[in-house]
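Residue-level structural notes
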Amino acid sequence: MSTLTDCALTAVPAHIDCDICVIGSGYGGATAARVLAEAGRDVVVLEEGGDYTGKLLTQRDAAMYDQLYIQRGGATTEDMGISLLAGRVLGGGGVINACDVVPAEDAIWRMWQTRFGLKDFGPEAMAPFNQQGLADLGARPMRADQINRNNAILRQGASALHWRGEVMEHNRAEHCKGLGTCLVGCPLDAKQNARMILIPKAISAGARVFCRARAVRIEAGSSEQKRVQCRSLDRRGYHEQQGFEVRARIVILAANPLGTAPLLLRSGLGNSQVGRHLSLQPQVPLLALFPQPVDAFLGIPQAYAITQFATCDETRGHSGFRIEGIMGTPGIVGSLVPQAGSAGKELMTHWRNIAASLLLLPDESVGRIVLGAAGVAVVRYELTAEWRGRARQAIRAGARAYFAAGAQVVVLPTVPPMLLKSEADLARVDALSLAPATLPLLSAHQQGGVRMAAREQDGAADPDGRVYGARDVYVMDSSGFPTTASSHTMAPILAVAHRQAARLAQGG
Amino acid sequence: MPGRPLALVTRRRVLQLGLGTGAVALLGGGGLTLLRGSAPDVANLKRLSPQQFRTLSALARTHLPAGGPFALGADDAQLARAFDAYLEGEPPAHVRDVQRALHLVEFGPILFDRRLKTFSHLPPAEQLQHWLGWGQSDLLLRRQVWWGFAKFLGLVFYDRPEVWPHIGYPGPSLERLPT
C-alpha cells in the first residue's frame, strides 16, 4: 500500500516490516527511496519533521523556524559559535534552501578518487548521475528579470571592480513569483525539491512514507534483519509519543550529518571514524546601508555570486570564498542584530535600505560529532587560523564590493557592530579575533561525519556508502562526503545518492 | 584570544559553574532579598520560576526597550511570555540551561561589575550598559548567553506584524500577490 502517514495524527502499528528502511527524506533519502521503490523494492521512509506545503508555509519566522528546522532553528556548535541550519521537515533541506544549484566540479570527483580511493567517482562516471540529479531539480539559469536589487548591487560592485561573478542556476518552477521567503518555505510550492518531485514519485512506486517519526536507534545492525526503534512525535514535533519498530534488511541513513552520525553512534554501529571529518562551511553575514531603498526582501533572495576569489583544484578542493546576495524575513535578520537598546531598533528602521550577503568559506573537515548526555549530539568545531585569515579577506572584499556599488556604511554584526564607512576603514578588519560567539556565523551545508573511503582506517563507509562494521547499513546523504563537495550541497547530494541507490538496486 | 581557554568547556559545564558562582554571590550578597525585583505578572508560567521570569522580563525590556525610534518594545510583544511558552517544547536539559543562564544574568552585576545590586534592580540605563558588556565580554560564556537571548528576542520581536510598519516591511508577500 502506498501511503504518506503523519504519525502525530494516525496510530502506527507496533511493527512495520519492509525490505529497505530509509531514515531522512531530503534529497539523499528521497532519491534512494524513489530509485529503490521504482526498482521494485519494498521501501519505508521515516522523517522526523512534519509535512509542510502550500499555505501551511506561512512566511512567518517564529512559526516556520520552529517547525521546519532542526532543534527549532536553535541548533549550534558546542561553543555556540556557529548556528547550524538544516531541515527537519518532509523533503528536508530543499524545503528551506535558497534553491541554488551548484554541481560538484570535476576536480572534486578527481580528488575523492585519488585521496580517498573512490575510484568509480571520476567525472565521466559521475556525469550521468549528476545529470539525473539536475533533471530531478529542473535546474536552469535564472532570467535577468529574476535578479532583485539586493543581488544586482553585488553584481554592480563586482562589475565596477572587474571581478568575476555569476548568476546562479536554480530549481524554481515556472510559477515562482519571487515571494522572497525561500528560507522559510514556499507557499506556492514553486521549489522543485524532494517534497514536490521525489517523494511523490517514491510513493507512486510503492514507498510508504511516515513523517513525525523519529528513528531513535538501530538494533541488530550486524544481523540480516535490522530493527529500527522509532517514536512518533506530537503535532508540533516537540515530544515523543508512541514507540514502534521498523524491521528491515537494509537501512539507509540520510538524515543530514547532524542526524546520521549521531544515530550510528547511539546504535553503537560503525568504526571509530564515525562522527569525524565534519565540514560545516561556516558563513559570515555582511550588511550594507544604501541611501536608496534596496527592498532586499522582494524577489528571489539568492541569485548572484561573486566568484572572483573562489578556487577549486584536485589537490586542495575548494578554497577561497564566494560572496552571495541573500535576505531573510525580518525575524531572522532581527535575530542577528548585534545591538541592544534603542540602537538595535534604530538599525532595523533602515530595513528597506539594507543590502545583505553571505560570505561562503569552504573549510577543512575539522569538525566532530560526539554524543553528550542522554545521547544528545554535540558538534565540536574550532575555526582554523587559515579559515580566520580567509574570513578577514572575505569581509574586506565584501565591503569593497558594497562601497563600489555606493554603500554608505558596511556593517559587520559583531558586538558592538563594526561599521566600515570607506575603504580606509578596511584595515580594522585585521583586528577581528573571530573567537567563538563574537560574530553570528551560520552553517547551512554540513558534510561528512560518515566519510566514504576505500580503506577502513580512512573513513566510516566504503565507496558505495556501506557503513564499515555494520551489515547492509548505508549512508546516502552528505554525511558520506569525504570533503566539501560544493558551495551548495543540493546537486552533489542528488548525484551521489543516484549513484549509490542505483548500485544498491543492481545488487551492488 | 578572548574566550579561547573556555572554548573546550561544554556549555552545560560552564553554566553549572556559573550557577555555582551565582549561589555563592547570593549568600554573600544578602540572601533572598536580592531576588525581589520589579513585578511583572508571574501567573501561569510554563517553565520559569517567578524570579527567572522577572529577570527575563527585565532583560527583554533592556534588549528591546519601548521608545526610541518607535514606541513598541519587548513588553508590548510579550517576549518574556513567548520565551516561557517556547520552553514548553524544549527538552528538560535545555530548560535547565536557560534557567541557569537567567540566574547568571540576574547576578551578573555582582559577579562581573562588582555592583551590590542584581540585574533586575539596576536602573534601565545601567541595565543596558551591563547587558552590552555580556556581548563584548572576553568570557565565552557571557557572549554565549548574550547571543542566546538576543537571537530569540530579535526573531520573535521582528516577526510581530505590529512591528513591521516601523521598519518598512509590508508583510508576507503571498497576501500581496494580485489574484
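Residues numbered from 1 in each chain as written. Chains lettered and ligands numbered in written order. Predicted model: local features only at pLDDT ≥ 70, side-chain atom pairs only at ≥ 80, totals over all residues.

1. What to know about the nonpolar core
In this structure, I23(A), I252(A), V467(A) and L79(B) are the most contacted members of the largest nonpolar core, which totals 216 residues. Once residues within four sequence positions are removed from consideration, I23(A) is found in contact with G29(A), L46(A), A215(A), V251(A), I252(A), L253(A), A254(A), A255(A) and L263(A). (Core = buried A, V, L, I, M, F, W, Y, C linked by C-beta atoms within 7 Å. Buried ≥ 20, exposed ≤ 12 C-beta atoms within 10 Å, placed from the backbone. Contact = placed C-beta atoms within 7 Å.)

2. Here we look at the sheet that holds strand β3 (residues 20–23) of chain A
Residues and elements named next belong to chain A. What the 6 strands build is an open sheet, ordered β1-β10-β4-β3-β14-β26; its pairing is parallel. If you trace the sheet from one side to the other, it starts and ends with β1 (3–6) and β26 (473–475), each paired once. Averaged over all neighbouring strand pairs, the angle between strand axes comes to 20°, with direction disregarded. When β3 meets strand β14 (residues 250–253), the two strands line up parallel, connected through 4 bridges. The residue bridging I20 from the neighbouring strand is I250, located in β14. Lying over the sheet, helix α6 (residues 194–204) contacts β1, β4 (43–47) and β10 (208–211), oriented at roughly 130° with respect to β10. (Pairing = 2+ DSSP bridges. Helix = DSSP H or I, 4+ residues; strand = E, 2+ residues; numbered from the N terminus. Axes fitted to C-alpha atoms, helices over the stretch in contact; angles between N-to-C directions.)

3. As for the packing of helix α5 (residues 149–160) of chain A against helix α10 (residues 385–404) of chain A
Residues and elements named next belong to chain A. Closest axis-to-axis distance for the α5/α10 pair is 7 Å, and the angle between their directions is 95°. Between α5 and α10, the interaxial angle falls into the category roughly perpendicular. Contact residues: L154, G157, A158 and A160 in α5; A401, Y402 and A404 in α10. Here the contact of α5 with α10 is built from residues that sort into 6 nonpolar, 1 polar and no charged. (Parallel < 35°, antiparallel > 145°, perpendicular 65-115°, else oblique. Nonpolar A, V, L, I, M, F, W, Y, C, P; charged D, E, K, R; others polar.)

4. Things to note about the environment of P13(A)
With respect to the helices and strands, P13(A) occurs in the loop between β1 and β2 (15–17). When the C-alpha atoms of P13(A) and P416(A) are compared, they prove to be 54 Å apart, with 403 residues separating the residues in sequence.

5. Describing the domain arrangement of chain A
Residues and elements named next belong to chain A. By domain assignment, chain A separates into domain 1 (3–138 + 192–275 + 448–505) and domain 2 (144–182 + 283–362 + 384–435). Using C-alpha coordinates to define each centre, domain 1 is positioned 30 Å away from domain 2. Contributing elements (two or more residues each) for the side of domain 1 that touches domain 2: α2 (61–68), β6 (100–101) and α3 (106–116). In terms of residue count, α3 provides more of the side of domain 1 that touches domain 2 than any other element does, 5 residues in total. (Domains from an automatic or database assignment.)

6. A few points about the confidence of the model for chain B
All names here are of chain B. When the pLDDT values of chain B are averaged, the result is 84; 78% of them are 70 or greater. In this model, residues 16–37 is a region of pLDDT below 50 whose contacts with residues beyond four sequence positions or in other chains number 25 contacts. Interface confidence for the predicted complex, given as ipTM, is 0.96, next to a pTM of 0.94. (pLDDT = per-residue confidence, 0-100.)

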